[in-house]
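Residues per chain are reported as follows:
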Amino acid sequence: MNVESKLLEMSHISKQFPGVVALNDVQLSLSRGEILGLLGENGAGKSTLIKVLTGVFPRSSGTILLDGKEISIKTPQEAQNVGISTVYQEVNLCPNLSVAENIYIGREPKKFGMIDWKRINKQAKTLLTRFNLDIDVTKTLGYYSVAVQQMVAIARAVDISAKVLILDEPTSSLTVMEVNKLFEIMRMLKAEGMGIIFVTHFLDQVYDVTDSITILRNGEYVGSFKTAELPRVQLVAKMIGKEYASLTHNKKASESINENESLLTLSSAGSGYIDGIDLTLHKSEVLGLSGLLGSGRSEIVRLIFGVDKLESGKMELNGQKIDLSDPLSAIRHGFAFCPENRKTEGIVGDLSIRENIILALQTKRGMFKSLTRAEAEKLSDLYIDKLSIKTPNADQLIKNLSGGNQQKVILARWLATNPILFMLDEPTRGIDIGTKAEIQKIVMELANDGMSIIFISSEIDEMLRCCTRMAVLRDKKKVTELVGEDITESQIMKIIAGGEQHE
């Protein structure tokens, strides 16, 4: 592609928040009639870059050129005014308004100073016909499926913007047929000269529809590549990368596992997010769930913990069928769950360390069996010492601790319930190297002491260090399992990548 065809160029983009560098010297280039895949794992900086481009966040440094002219966008409305529109995974339209109203809200055609409803409905119908969408535009948007709502959002964005369309995880809630229909629309817009930035975590979709790929990792620019020239294994390697060179090598947990001693079994298990999952967790083992973001890793542990309801198949504990209706029933069965996002789903920021530590145990005991102050103090002091939580005392608010120490408090909370099964979803994300090593050591010691653990991490090095068996997932399905010496970085990445024709 020649330089003259460049539609959008972002150069040396940096964005700092207090104490955090979210983007560091990032670049992105989009041509007319190009579909660009913007890829990277969770925390790579994709969303921040989009928000800088669309005026949600001001950039700290760097330049943005649109049609060769420098622009400085301060609001999403300004972005739309210059021809840049975004459609998010969660449709940000108004389900209580009609389809036509959603398309023209804020820019309604008027007649004699009044909104011309007849014209709005007619124009909306004509616009949607272009997208092969034959629906009643006078019905409320909420009446229609998520797929139709996505198409309406895209139609509105295209009608506003004639230059750049950003699709941020648009396919997460769509069926295969709906995805194919979306891709038809994308190819149509591409043929008309529109530039499209497509954010997704589905590799098959990347290779189906994109012309080029830009990869970010840890807020930094990794590189830009033509899709046809980048093998999948190399793509996965560039996305995952190496966050650190090496850590203290500890002995793997539970190196000898009795295959006959199964603790938990999933048989053709499904929720609203995954389906047909077969999985066995043995006693005293660390089972890794490996795959890219969105592969089904988190969905499996959420299902086991009762966050998502079991809709098909069955779950057995020690050979007996169980039905976990909610997290409380999972806790009472001896399950513990350290979620991926400790800020929103883990810590309670305005409570003390002590109050955060006793939270799960108090829930397990019920409101009529409150822990005494002495019991709470003894418990919190025990785990502050055992996990080396750095704090002057247990009365400190947890929000004042570092990320690593917050994570240790969450570990303490669940260890206090004396679980038989501990599920850890990205337990070391965003914390320093030393604390990572400490948490990995704790995980392996727990397994050696008899606890069964399901461990999820985007860092393959960490998985290799901690897990004795690995289930590899891709596109919300379990592809295979690896055991012992077969668990290697190259093997895992090859399986995650899939699609032999691109290797």
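Residues numbered from 1 in each chain as written. Predicted model: local features only at pLDDT ≥ 70, side-chain atom pairs only at ≥ 80, totals over all residues. Heavy atoms only, no water.

Visitor: Can you tell me about the sheet that holds strand β19 (residues 421–425), naming the residues and giving the values?
Guide: Taking strand neighbours across the sheet as the criterion, the six strands line up as β18-β19-β20-β15-β21-β22 in an open arrangement whose pairing is mixed. Because the sheet does not close on itself, it has two edges, and the strands there are β18 (335–338) and β22 (477–483). When strand polarity is set aside, the average angle formed by the axes of neighbouring strands in this sheet is 20 degrees. As defined by bridge partners, strand β15 (residues 286–290) adjoins strand β21 (residues 469–474) across four bridges and the pair is classed as parallel. (Pairing = 2+ DSSP bridges. Helix = DSSP H or I, 4+ residues; strand = E, 2+ residues; numbered from the N terminus. Axes fitted to C-alpha atoms, helices over the stretch in contact; angles between N-to-C directions.)

Visitor: Run through the sheet that holds strand β13 (residues 262–270), naming residues and quoting values.
Guide: Read from one edge of the open sheet, four strands run β14-β13-β16-β17, paired in antiparallel fashion. Each edge of the open sheet carries a strand with a single partner, namely β14 (277–282) and β17 (320–322). The average angle at which neighbouring strand axes cross in this sheet is 25 degrees, direction not considered. By the bridge criterion, five bridges tie β13 to strand β16 (residues 312–317) in an arrangement that is antiparallel.

Visitor: Give me empty space enclosed by the protein: which residues, what numbers.
Guide: Inspection of the entire model under this criterion finds three cavities of 30 Å³ or more. Of the voids in this model, the largest cavity is the one considered here, and its volume is about 60 Å³. Around the largest cavity, the lining residues are His201, Leu203, Leu292, Leu293, Gly294, Ser295, Leu473, Arg474, Asp475 and Ile496. Across the lining of the largest cavity, the residue classes tally to five nonpolar, three polar and two charged. Size it by volume and the second largest cavity reaches roughly 40 Å³. If you trace the second largest cavity, you find it lined by Glu41, Ile240, Ser290, Gly291, Arg297, Ser457, Ser458, Ile460 and Ile496. Class assignment for the residues of the lining of the second largest cavity results in three nonpolar, four polar and two charged. (1 Å grid on protein atoms, 1.4 Å probe; cavity = no way out; pocket = protein on both sides within 12 Å on 5 of 7 lines; lining within 4 Å. Points joined across faces, edges and corners; volume = space filled by probe spheres on them. Nonpolar A, V, L, I, M, F, W, Y, C, P; charged D, E, K, R; others polar.)

Visitor: An account of the packing of aromatic side chains is needed here, citing residue identities and associated values.
Guide: If you walk through the whole model with that rule in mind, you get five aromatic pairs. An angle of 90 degrees between the planes, with centres 5.0 Å apart, marks the rings of Tyr143 and Tyr144 as edge-to-face. Under the relative-accessibility criterion, Tyr143 is labelled exposed at 53%. Take Tyr144: its relative accessible area is 14%, and that puts it in the buried class. Ring centres 6.0 Å apart and planes at 90 degrees place the aromatic pair Phe183 and Phe198 in the edge-to-face group. Of the two residues, Phe183 sits in helix α6 (residues 176–191) while Phe198 sits in strand β10 (residues 195–199), which places them 15 residues apart along the sequence. Overall, the relative accessible area of 2% leaves Phe183 in the buried class. Here a set of aromatic residues connected by ring pairs shows up, and it is made of Phe305, Phe337 and Trp414. For the cation-ring pair, Lys15 lies above Phe17, with the distance from its terminal atom to the ring centre recorded as 5.0 Å. (Phe/Tyr/Trp six-rings, centres within 6.5 Å; stacked < 30°, edge-to-face > 60°. Buried < 20%, exposed > 50% of the residue type's maximum accessible area, 1.4 Å probe, protein only. Lys NZ or Arg CZ within 6 Å of the ring centre and 35° of its normal.)

Visitor: Could you give an account of unusual backbone geometry, naming the residues involved and the relevant values?
Guide: The phi torsion at Ser268 lies on the positive side, around 50 degrees, for a residue other than glycine. Along the chain, Ser268 turns up in strand β13. The backbone phi angle of Ser284 is positive, close to 65 degrees, even though this residue is not glycine. Inspection of the secondary structure assignment puts Ser284 in the loop between β14 and β15.

Visitor: Can you tell me about the confidence of the model for the chain, naming the residues and giving the values?
Guide: Mean pLDDT over the chain: 85, with 90% of residues reaching 70 or higher. Looking across the chain, the model is least confident in helix α11 (residues 342–346), with a mean pLDDT of 72, and most confident in strand β12 (residues 220–226), with 96. Note on residues 242–251: pLDDT under 50 across the span, and 24 contacts to partners over four residues away in sequence or across chains. Here residues 499–503 is modelled with pLDDT under 50, and outside its nearest four sequence neighbours on either side it reaches nine contacts, counting other chains as well. (pLDDT = per-residue confidence, 0-100. Contact = heavy atoms within 4.5 Å.)

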